[in-house]
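Coordinate analysis (summary)
What follows is each chain in one-letter form.
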Amino acid sequence: MSPRAPASRRTGWVFHETYLWHDTGTGAGPFPAGGWIEPMEHIESPSAKRRFANLVAACGLDRELVPITPVPATPEQVEAVHTADYRASVQAQAATGRGDAGDGSSPFGRESYAIAMLAAGGVVRAVDAVLDGEVENAYALVRPPGHHASAETGWGFCLFNNVAVAARHAQRRGAARVAILDWDVHHGNGTESIFAADDTVLTISLHQDGAYPPGSGPVEVVGTGAGVGANLNVPLPPGSGTGAYAAAMERVVRPALARFRPDLILIASGLDGNGMDPLARQMLHSDGFRMLARHAREAAEELCDSRLVLAHEGGYSPFVVPFCGLAILEELSGARTGVLDPFLAAIQGYGQELLPHQEAAVDRAAANVPRVPRP
């Protein structure tokens, strides 16, 4: 099969086989195996990402994308957002053959330090391609994920904060104001903490209220010091579908981006808000993710000459994630593959309309938009 129409936009594609070789070992969901827990594959496994990449290749969409070869991030690039001690700790643990990023639930193996550096470097390379005009936008299908990693530690399966590393790199290249939108279903707490006091980086997190980390990401947290107003949280109630996410984009994200006027938009693209994800209780489907990507693309076109980079984060349903990712890539590139999502109708049937308690949550977040710093 091949796309029905050629892409109307040049979209970059970052992927490397070794991203799938990041070794999280065995587990039971997010917990270590042992005792009465029979070992099985850790929940943060290669499956969903591999199947996403395979679907892109099988339907021919990869031929419409511009391949971007990742190179490892340098220690200096990583240490622009992480402490030198933390980076060195991950490196030293990996050399022993097994380590954990910091919370006891983020295991990694011997090659994972090198792979994590390649993941961060893949997003950096995507930013370079966008800033240099090689592509209009780009998607980096990287692993391990990054948005929970703070300056001093990793957790939530994340080693290095890929979007944060890329944001600082972009600023060093002259993109003075960077916006980071995180639509992973879990709060982007690491990114928030890194830029909490920085009014040159706008961080916006759409997440399931109370999902992870516990108690993280309330609407009242808007940044600290000089960064007050440059952090927005949109905690959506469990069970939120396309209606709630569309309202959040229209009433919070788009107005906040327009007020901030970034030189580059980065997306922490978690696909775990899908209606069949084992680590969340939201109801997005592939067309919902297509809608999110459309808003992001339109905002980038209006505000920053289309400069938009998406970095893959979570998403733990190996069945649904590939179709959500394909929908995003179709929207970014303008190509349509003709692939039909077999899960779309089922998830749509869960109920997608905006409910009153969801609307109230969006309106509470929208009240913080006037605090976003202007240029």
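Residues numbered from 1 in each chain as written. Predicted model: local features only at pLDDT ≥ 70, side-chain atom pairs only at ≥ 80, totals over all residues. Heavy atoms only, no water.

It is worth spelling out the overall build of the protein chain at this point. Along the protein chain, the regular secondary structure elements total eleven helices and twelve strands. Taken over C-alpha atoms, the radius of gyration comes to 19 Å for the protein chain, in line with the 21 Å a tight globule of 375 residues would show. For the protein chain, the C-alpha atoms occupy an extent of roughly 50 × 50 × 45 Å along the three principal directions. Residues counted as buried form 61% of the 375 residues belonging to the protein chain. Long-range pairs, those at least 24 residues apart, make up 79% of the contacts in the protein chain between residues at least 6 apart in sequence. Carbon and sulfur atoms provide 55% of the accessible area of the protein chain, an area that totals close to 13,400 Å². (Helix = DSSP H or I, 4+ residues; strand = E, 2+ residues; numbered from the N terminus. Rg over C-alpha atoms; globule rule 2.2 N^0.38 Å. Buried < 20%, exposed > 50% of the residue type's maximum accessible area, 1.4 Å probe, protein only. Contact = heavy atoms within 4.5 Å. Areas by Shrake-Rupley, 256 points an atom, 1.4 Å probe, with all protein chains shown as cover.)

Relative to the assigned elements, Glu 359 resides in helix H11 (residues 356-366). Apart from residues lying up to four places away in sequence, Glu 359 is in contact with Arg 251 and Leu 354.

With that settled, the discussion passes to the sheet that holds strand E12 (residues 308-312). Spatially, eight strands are ordered E4-E1-E7-E12-E11-E8-E9-E10 in an open sheet, and the strand pairing comes out parallel. In the strand order of this sheet, the two ends are held by strand E4 (66-68) and strand E10 (231-236), each with one partner. Shown here is a sheet whose adjacent strand axes are inclined to one another by a mean of 15°, direction ignored. When strand E8 (residues 178-182) meets strand E11 (residues 264-269), the two strands line up parallel, connected through five bridges. Bridge pairing links Leu 181 to Ile 267 in E11. (Pairing = 2+ DSSP bridges. Axes fitted to C-alpha atoms, helices over the stretch in contact; angles between N-to-C directions.)

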